[in-house]
Amino acid sequence: MAPSTVVAEFCERLDAADPETAARRAAAWLHVCMGRTAPPIEPYHAARLVGIRDVRELALPCAGMLVPIRAGGFIARIKRSDPLARRRFTLGHEIGHALLAGPRHVQHRRPVTCAQALDVETLCDQIAAELLMPSPAFEEAAGRVRRVADVWALARQFQVSFRAVAVQMARRDIPVAVVRWRRKSLPKKPEALRVEWQSSPRGVFIPLRASAAGDSLVTAAFTSQQPARGRERLDLGTLRGEYEVDAVPWSSSRVGPAEVLSIIQLRPTPADAGEPAAWRLSSVRDAPHDQTHS
Ligand SMILES: [Zn+2]
């Protein structure tokens, strides 16, 4: 079956107009079955509901794998060396594959590894995100995010990664952009703090590898190795104007601080009153969702 047919069939089964709605409904169904909508959600419990009979943590070359068994159902294999938040998300993703497979496809299929078509992988990630960050508890908590530390707090509360929180905030149109900056040089360009990764709501575009201005809060946080916070003028993709920014130095490895995490508030602030806001949620709410999250 072609991947797009798999996704279309899943949407039809859930009477959903698009994959995002289907993912939400599937997760909501699992929450009802588990009798739980408050974090942290236990994916090991949800796995049993979709026919995953055992979850085995092993040394794997990929994050996870779903293996159908002869007796019916599946065994999920999860990469043992991944952090707990990642392992939980991977299991949520495999739960997605189990839901997509449906009971009549269970037997004698090859293992489902994470090298399937992009739309299937994206849908399984959405199912994992909706399962682990249930609505409306997530939106309510995410709506209060003002600083980088708030995203870390959500990651702890929902037991998912920082990145998973940022991606879900974007999907839920929380008016905040999360940007990870890394010091790097490009061919024929000087070394600078550049956008390594970003997650922002639909209608906002922040180009990868765009550099931070020398006098920006992000640069100040990197140079001083102290958090920097305030209001500053940005010229970053579609973000042009004044924004509240919170920047925090961060290191993803033991080699030393090389990165900065920043939050850009997209909500109109009192200073915007009476003049056109550089970005308004209402004007882009109906725009097509053109982001693909891995
Ligand atoms: Zn996958």
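Above this text you will find the structure in question.
Residues numbered from 1 in each chain as written. Predicted model: local features only at pLDDT ≥ 70, side-chain atom pairs only at ≥ 80, totals over all residues.

A.B. asks: Teacher, can you tell me more about the overall build of the protein here?
C.D. replies: Assigned secondary structure in the protein consists of ten helices and nine strands. In the protein, of all internal contacts separated by at least 6 residues, the share reaching a separation of at least 24 is 58%. (Helix = DSSP H or I, 4+ residues; strand = E, 2+ residues; numbered from the N terminus. Contact = placed C-beta atoms within 7 Å.)

A.B. asks: Looking at this structure, I do not really get unusual backbone geometry. What am I missing?
C.D. replies: With glycine set apart, most residues show a phi of negative sign, and most peptide bonds adopt trans. The peptide bond linking Pro39 to Pro40 adopts the cis configuration, its omega dihedral lying at -5 degrees. Considering the arrangement of structural elements, one finds Pro40 in the loop between α2 (19–34) and α3 (43–49). With an omega of -5 degrees, the peptide bond between Ser135 and Pro136 qualifies as cis. Within the secondary structure, Pro136 is located in the loop between α5 (118–132) and α6 (137–142). Positive phi, close to 55 degrees, is recorded for Gln159, a residue that is not glycine. With respect to the secondary-structure elements, Gln159 resides in the loop between α7 (148–158) and α8 (162–171). Look at Lys188: it is not a glycine, yet its phi comes out positive at around 65 degrees.

A.B. asks: Could you clarify how one ought to interpret the sheet that holds strand β7 (residues 228–236) in this entry?
C.D. replies: The antiparallel open sheet is built from five strands, whose spatial order is β6-β5-β9-β8-β7. Here the strands that pair on one side only, and so sit at the sheet edges, are β6 (189–199) and β7. Mean inter-strand twist for the sheet, computed between neighbouring axes without regard to direction, equals 35 degrees. Note that strand β5 (residues 176–186) and strand β9 (residues 259–265) share seven bridges and pair antiparallel. Within the sheet, the bridge partner assigned to Val179 lies in β9 and is Ser262. The sheet strands contacting α7 are β5, β8 (239–250) and β9, and the helix crosses β9 at an angle near 100 degrees. Relative to the sheet, helix α9 (residues 217–224) contacts β5, β6, β7, β8 and β9, its axis offset from that of β8 by approximately 15 degrees. (Pairing = 2+ DSSP bridges. Axes fitted to C-alpha atoms, helices over the stretch in contact; angles between N-to-C directions.)

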